[in-house]
Amino acid sequence: MPPKGSGKRKLGSTDGSATPQGPTPAEQFSYLHAPRPFKNPNYTKNVNRRAKNLKNVLTQERERERMERDKRRREREEAMEVDGDAKDGVTEDDMPFYTSIEAPPSVLPQRRYCDITGLEAPYTEPATGLRYHDKSVYELIKGLSVSAAKDYLAARGVNPIVK
């Protein structure tokens, strides 16, 4: 027995007259022919414009910031008083930008992480040099082959010398 609604349906009326059908619901709710106010009808694509990669964009941004700082510095030098005293307060050159902040290296010791789990690793296995989190990971490390231990050390970026 075929499922309900799978039979062929006849379009139009059954009496054979050629009456025009109204628009379907899909045609009624379609936005295809509606005006699009967000598009500019006078837009023409600039064929001379080329795409820039991130490095070029960042370089241009740094150069623009440098030019603005130089311009402000020259304006300040021209507006300086006769005796050479600068205005009091913090200058804009002292203000950090997002791209200009430089931090010194940390004085804290580097954190060590378990080569197997990624958790903090207070212990190091002496034969392979692998770092581990607790005794359950140590049991797993003792069962590793030499090549697997070398792979873990290589993933950390250490020269894999296994004794």
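Attention here is on the structure that accompanies the text. Per-chain numbering applies: the sequence of each chain, read as written, is numbered from 1 onward. Totals for whole chains, interfaces and linings use all residues, but because this is a predicted model, local features are given only for residues with pLDDT of at least 70 and pairs of side-chain atoms are given and counted only at 80 or more. As a rule here, side-chain values cover all heavy atoms of the structure and leave hydrogens and water aside.

Right, let's talk about the overall build of the chain for a bit. Secondary structure counts use DSSP, requiring at least four H or I residues in a row for a helix and at least two E residues in a row for a strand, with both numbered from the N terminus. Per the secondary structure count, the chain includes four helices and two strands. The order of helices and strands in the chain, counted from the N terminus, is α-α-β-β-α-α. Relative accessible area decides the class of each residue, using a 1.4 Å probe on protein chains only: under 20% of the type maximum gives buried, over 50% gives exposed, and in between gives partly exposed. Expressed as a percentage of the 163 residues in the chain, the buried residues total 9%. Should any heavy atoms of two residues lie within 4.5 Å, those residues are considered in contact. In the chain, the proportion of contacts linking residues at least 24 apart, taken out of those at least 6 apart, comes to 24%.

A separate point is the nonpolar core. Think of a nonpolar core as a cluster: buried Ala, Val, Leu, Ile, Met, Phe, Trp, Tyr and Cys residues, connected wherever their side-chain atoms sit within 4.5 Å. By size, the foremost hydrophobic cluster in this structure holds eight residues: Cys114, Ala121, Leu130, Tyr132, Val137, Ile141, Ala149 and Leu153. Residues within four places of Leu130 in sequence aside, it is in contact with Asp115, Tyr123, Thr124, Glu125, Ile141, Leu144, Ala149, Tyr152, Leu153 and Arg156.

Before going further, it helps to spend a moment on the packing of aromatic side chains. For Phe, Tyr and Trp, rings pair up if their centres lie within 6.5 Å, where Trp contributes its six-membered ring, and each pair is then called stacked (planes under 30 degrees apart), edge-to-face (over 60) or tilted (otherwise). Taken as a whole and judged by the stated rule, the model has two aromatic pairs. Both rings, one in Tyr132 and one in Tyr138, keep their centres 5.0 Å apart while their planes meet at 35°; by these two values the pair is tilted. Through a chain of ring-to-ring contacts, three or more aromatic side chains come together here, namely Tyr123, Tyr132 and Tyr138.

The topology assignment puts Thr128 in the loop between strand S1 (123-124) and strand S2 (131-132). Under the rule applied, a polar contact is a pair of N or O atoms within 3.5 Å (in protein, one hydrogen donor and one hydrogen acceptor; residues adjacent in sequence only if both atoms are side-chain atoms). Separated by 2.6 Å, the side chains of Thr128 and Glu125 make a polar contact. A polar atom in the side chain of Thr128 sits 3.3 Å from the backbone nitrogen of Leu130.

With respect to the element layout, Ile141 can be found in helix H3 (residues 135-142). The spatial distance from the C-alpha of Ile141 to the C-alpha of Ile116 is 8.5 Å, given a sequence separation of 25 residues.

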